[in-house]
Amino acid sequence: MLLRTRLHGKQYEFPDVRVLMGKANEEKSGDRLAGLAAETAAERAAARFVLAELPLWVLREQPAVPYEQDEVTRVIQDALDPAAYAEIKDWSVGQLREWLLADTTTAAQIRRAADGLTAEMISAVTKLMSNLDLIYAASKVRVSAHCNNTIGLEGRLSSRNQPNHPTDSLTGIRAELYEGLAYGSGDSVIGINPVDDSYSSVARLLEMTHAVIQQWQIPTQNCVLAHVTTQMKCLAAGAPAGLLFQSLAGTQRGNDSFGISVTLLDEAQTLAQRHCFTPGPNYLYFETGQGSELSADAHHGWDQLTLEARCYGLARRYRPFQVNTVVGFIGPEYLYDARQIQRAGLEDHFMGKLSGLPMGVDACYTNHARADQNAIENLAVLLTAAGCNYFMGVPMGDDSMLSYQCTSYHDTAALRQLFGLRPAPEFERWLEDLGLMHAGRLTARAGDPSFFLRR
Amino acid sequence: MPEQPATDPQLSIDLPDPALRRPTLSHPADPAGLHALMAATPARIGVGRAGPRYTTAALLLFQADHALTQDALYREVEPSLLAELALFSVATQVCGGKQEYLLRPDLGRKLSENAKEEIRARCPQRPAVQLVVGDGLSAAAVEANLRQILPVIRHGVLSAGLSFGVPFFVSHCRVGVMNDIGELLQPDVLILLIGERPGLGRAESLSAYMAWRPQPGDTDARRDVLCNIFAGGTNPLEAGAYVVQLAQTMRAHQASGVALKLAT
């Protein structure tokens, strides 16, 4: 295979698809850490010229990890629709980009083509897209799902109410939960990251959040984001869970490091269908994020964008209710600054949607990255324009347990009012009935957590 | 030239420290209830709003807390603390300071050759429990908790009739360094106390990572972690007791991480 171009009078040659894919990426500290980044800006540009000419079938035949070695590859390749693939396999990556952006290409056509795309193809086209390309193409596609309510409909923006507490205090978590509900946050999920992820602790948090849902008749679902095996144990013992959560990696070895496998996730889904208190049919919640495979030494020499695309290929198998990248959580060695975090957020959201997933984003940063709250507010605006399903809701964006900053209860309220968007329909009716929202805007009594001390 | 405005001799802006938690929400439905809610969590609730945005006081306090964290990020652990607790100090393969530490986690997971020699010379092999302290992403976390948690763990391990290895400090340390230490000293249980990445306006959170007979190639699936150890989270004294208990559970089941979860 010859992969070569001249650019500005100089020759650039790439030994194989893996190296080409790494060098075509936008600058990321994680790709540099892995020794995959382009040496110069010109080499990056040259890699993109070559990648734009690559036929899609080549990417299908050269997955990041061979079929025989990796169950994530097997899940993705086995799920491919042969008819959809046959229609696009001879396109170049550059052609795919223009087709996605074309005025004549509809959302339904994109959804169908997605059945014929592998993660490597989705990653490749993402490398050729500018930030506004990613926003524009993603905005064409809506992916909705149903559990206890409906997420991802046109004209809607949801918020995960994330009332984390540094000691899992039930009264503390309840206080934050009330603050969030008073701002209209909680339609994606009431989802807690526990400090203590033991069985009894997780069961207790499920009981408490379920009790609030029952008491106030909230059309939503709860979830405690412990390891999936702990949640399964809780479900089997009768604890009330609305969704089951797990973090995913894009390679089998990466998932080994998370203590999960396809077999385990299959079992989790079956258990959720049987025992979750919610009607479904979408019961799973996944989180991902560029760099986690490299962090677990499970990247097989591939760039972090492609591995992230493979997470979405795996997630798709489970028809989840929601999926979000936790885009700035991993730290500066993978995404160095505000510019890299914003780029990765837009890439992940686009790739998730192109994989047919109901995508949200945890737009966030840690205090050792070169970013601040302004950068995250900017990213949330861009993603709302791109048709993102949901963001995190944390008191002022400051998570007192996970030690990172993300979007706030206020942010979703402001984005809804800025873009004329509403909460999930069932949840909006609930807010209207309580008098906290009218015609899509917060009322005078909204924003007061003591409102929920009445019952 | 524009006319200079006259300064108002009556104007005086002289502010107290704003870092006090009081509601910036006006006219709550239940004022006493709001205070109780706010007392239940360190999270920024009861903050009120200007339209769908923050009140000015709440916004400025957030920015001030972010400033504190940024200013504190690049500090090293006080050598006097390590001397006081009789910890000798070794380094990972990071030699280009905090910047390299942040960008090259692979180097922070490996002991330098000097470190290996010194550990071999000073630490007995195969203790029941080996304790190691790492700076991680917050020197302040080590400084805030180590005086309390270290004696509790040492005392607890010895009281249980187990051998306690010679503890030491690793600078520019990542969690993965546990594998190198496991290979070198072959403890039954290895405990790594390491500074977490700083939260907003707070940098004193410590984590305890633990593993049964860690070896090269081990991942987080073979480790257990207790996080948020600080006076306002999991109290360091209680955390120390819990760590000792977990070490005994690991010895009883000869397992850690996911394997231990499945066994218990």
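Bear in mind that the values here come from a model prediction, so they are computed numbers and not experimental data. (Residues numbered from 1 in each chain as written. Chains lettered and ligands numbered in written order. Predicted model: local features only at pLDDT ≥ 70, side-chain atom pairs only at ≥ 80, totals over all residues. Heavy atoms only, no water.)

1. Details of the pattern of salt bridges
For step 1, the next point in the chain: One pass over the structure, following the stated rule, counts 34 salt bridges over all chains.
For step 2, the next point in the chain: In this structure, R112(A) and E87(A) form a salt bridge, with 2.5 Å as the shortest nitrogen-oxygen distance. Of the two residues, R112(A) sits in helix α8 (residues 107-114) while E87(A) sits in helix α6 (residues 82-88), which places them 25 residues apart along the sequence.
For step 3, the next point in the chain: Note on R112(A): relative accessible area 37%, which makes it partly exposed.
For step 4, the next point in the chain: You can call E87(A) partly exposed: its relative accessible area is 49%.
For step 5, the next point in the chain: Between R223(B) and D220(B) there is a salt bridge, with the nearest N and O atoms lying 2.7 Å from each other.
For step 6, the next point in the chain: Since its relative accessible area comes to 12%, R223(B) is described here as buried.
For step 7, the next point in the chain: By relative accessible area, which is 47% here, D220(B) ends up partly exposed.
For step 8, the next point in the chain: Overlapping salt bridges, with partners in common, bring together E27(A), R32(A) and R44(A) in one network. (Salt bridge = Lys/Arg side-chain N within 4 Å of Asp/Glu carboxyl O. Helix = DSSP H or I, 4+ residues; strand = E, 2+ residues; numbered from the N terminus. Buried < 20%, exposed > 50% of the residue type's maximum accessible area, 1.4 Å probe, protein only.)

2. Let's talk about the interface of chain A and chain B
For step 1, the next point in the chain: Counting residues at the interface gives 61 residues for chain A, matched by 56 residues for chain B.
For step 2, the next point in the chain: Buried surface at the junction of chain A and chain B, summed over both partners, amounts to about 4600 Å²; 57% is from carbon and sulfur atoms.
For step 3, the next point in the chain: On the chain A side of the contact with chain B, N367(A), H368(A) and M396(A) bury the most area, a combined 16% of that side's loss.
For step 4, the next point in the chain: Across the contact surface, chain A and chain B share 5 salt bridges.
For step 5, the next point in the chain: Residue R53(B) pairs with D411(A) through a salt bridge whose shortest N-O separation is 2.7 Å.
For step 6, the next point in the chain: Listed by contribution, the elements that provide at least two residues to the side of chain A that touches chain B are α2 (29-33), α11 (170-182), α13 (228-236), α14 (252-257), α19 (373-385) and α20 (409-419) of chain A. (Contact = heavy atoms within 4.5 Å. Buried area = accessible area lost by both parts, 1.4 Å probe.)

3. Observations regarding α19(A)
All names here are of chain A.
For step 1, the next point in the chain: The end-to-end C-alpha distance of α19 is 19 Å, a good match for the 18 Å that 13 residues give at a rise of 1.5 Å each.
For step 2, the next point in the chain: Every buried residue of α19 is accounted for by Q373, A375, I376, L379, A380, L383 and T384.
For step 3, the next point in the chain: Near the N-terminus of α19, the side chain that reaches the backbone nitrogen of N374, with its oxygen 3.2 Å away, is that of D372.
For step 4, the next point in the chain: Of the residues flanking the end of α19, it is G387, one or two places downstream, whose phi is positive at about 85 degrees. (Expected span 1.5 Å × (residues − 1). Polar contact = N/O pair within 3.5 Å; in protein donor to acceptor, adjacent residues only side chain to side chain.)

4. Here's the deal with the packing of α13(A) against helix α15 (residues 262-275) of chain A
Residue and element names in this part refer to chain A.
For step 1, the next point in the chain: Running from N to C, α13 and α15 point in directions that differ by 30 degrees, and their axes come no closer than 10 Å. As judged from the angle between their axes, α13 and α15 are roughly parallel. Note on packing geometry: the crossing formed by α13 with α15 is left-handed. Taken together, the residues of α15 that come into contact with α13 (itself represented by V228, T229, M232 and L235) are L264, E267, A268, L271, A272 and H275.
For step 2, the next point in the chain: Across the contact of α13 with α15, the residue classes break down as 7 nonpolar, 2 polar and 1 charged. (Axes fitted to C-alpha atoms, helices over the stretch in contact; angles between N-to-C directions. Parallel < 35°, antiparallel > 145°, perpendicular 65-115°, else oblique. Left-handed = near helix turned anticlockwise from the far one by under 90°. Nonpolar A, V, L, I, M, F, W, Y, C, P; charged D, E, K, R; others polar.)

5. Examining the packing of helix α5 (residues 71-79) of chain A against helix α17 (residues 304-316) of chain A
Residue and element names in this part refer to chain A.
For step 1, the next point in the chain: At a closest axis distance of 9 Å, the pairing of α5 and α17 adopts a crossing angle of 65 degrees. For α5 against α17, the interelement crossing comes out left-handed. Every residue of α17 that contacts α5 at V72, T73, V75 and I76 is listed here: R310, G313 and L314.
For step 2, the next point in the chain: By residue class, the composition of the contact of α5 with α17 is 4 nonpolar, 2 polar and 1 charged.

6. Looking at the sheet that holds strand β1 (residues 88-91) of chain B
Residues and elements named next belong to chain B.
For step 1, the next point in the chain: With mixed pairing, 6 strands are arranged side by side in an open sheet as β1-β3-β2-β4-β5-β6. The open sheet has two free edges, formed respectively by β1 and β6 (223-229), since each of these has just one partner strand. On average, each strand axis in the sheet is tilted by 25 degrees relative to the strand beside it, whichever way the strands run.
For step 2, the next point in the chain: This element, helix α9 (residues 236-253), spans β2 (129-134), β4 (189-195), β5 (206-212) and β6 of the sheet and lies at about 10 degrees to β5. (Pairing = 2+ DSSP bridges.)

7. Structural notes on the side chain of D224(B)
Residue and element names in this part refer to chain B.
For step 1, the next point in the chain: As for its placement among the helices and strands, D224 is situated in strand β6.
For step 2, the next point in the chain: Nearest to the buried, unbridged D224 among oppositely charged side chains is K261, at 4.5 Å.
For step 3, the next point in the chain: Of the polar contacts made by the side chain of D224, one reaches the backbone nitrogen of G257; its length is 2.6 Å.
For step 4, the next point in the chain: Not counting residues up to four positions away in its chain, the partners in contact with D224 are A208, Y209, M210, L246, M250, S256, G257 and L260. (Lys, Arg positive; Asp, Glu negative; His and termini not counted.)

8. Some thoughts on the state of the cysteines
Residues and elements named next belong to chain A.
For step 1, the next point in the chain: Following the criterion strictly, the structure yields 0 disulfides over all chains and no others.
For step 2, the next point in the chain: With no disulfide partner, C223 has as its closest neighbouring cysteine sulfur the one in C276, 8.6 Å distant.
For step 3, the next point in the chain: Judged by relative accessible area, which is 1%, C223 ranks as buried.
For step 4, the next point in the chain: Not part of a disulfide, C406 finds its nearest cysteine sulfur in C364, a span of 6.4 Å.
For step 5, the next point in the chain: Note on C406: relative accessible area 0%, which makes it buried. (Disulfide = S-S within 2.5 Å.)

9. Notes on the environment of F427(A)
Residue and element names in this part refer to chain A.
For step 1, the next point in the chain: Note that F427 resides in helix α21 (residues 425-434).
For step 2, the next point in the chain: Remark: the alpha-carbon pair of F427 and N149, spanning 278 residues in sequence, is separated by 7.5 Å.
For step 3, the next point in the chain: Once residues within four sequence positions are removed from consideration, F427 is found in contact with L181, G184, S185, G186, D187, I218 and P219.

10. A look at the packing of aromatic side chains
For step 1, the next point in the chain: Summed over all chains, the structure comprises 11 aromatic pairs over all chains.
For step 2, the next point in the chain: When the centroid spacing of 5.1 Å and the interplanar angle of 90 degrees are considered together, the rings of F329(A) and Y404(A) count as edge-to-face. With F329(A) in the loop between β10 (322-326) and α18 (338-354) and Y404(A) in strand β14 (residues 404-405), this pair connects stretches of sequence that are 75 residues apart.
For step 3, the next point in the chain: A residue is classified by how much of its surface remains accessible, and F329(A), at 26% relative accessible area, is partly exposed.
For step 4, the next point in the chain: Given the relative accessible area of 1%, Y404(A) is considered buried.
For step 5, the next point in the chain: Relative to F168(B), the ring of F88(B) has its centre 5.2 Å away and its plane inclined at 25 degrees; by these criteria the two rings are stacked. Here F88(B) is found in strand β1, whereas its partner F168(B) is found in strand β3 (residues 168-171), with 80 residues between them in sequence. Both residues of the pair, F88(B) and F168(B), count as buried. (Phe/Tyr/Trp six-rings, centres within 6.5 Å; stacked < 30°, edge-to-face > 60°.)

11. Here's the deal with the pairing of strand β6 (residues 189-192) of chain A
Residue and element names in this part refer to chain A.
For step 1, the next point in the chain: What you see with β6 is no split at all: V189 and G191 on one side and I190 and I192 on the other are buried throughout.
For step 2, the next point in the chain: Of the crossover connections in this fold, the one passing from strand β5 (residues 158-161) over α11 to the parallel β6 is right-handed.
For step 3, the next point in the chain: Relative to strand β7 (residues 222-224), β6 runs parallel, the two sharing 3 bridges. Bridge pairing in β7 links G191 to C223. (Right-handed = clockwise from strand over helix to strand, strands pointing away.)

Interpretation in functional terms is not warranted from these geometric data alone.
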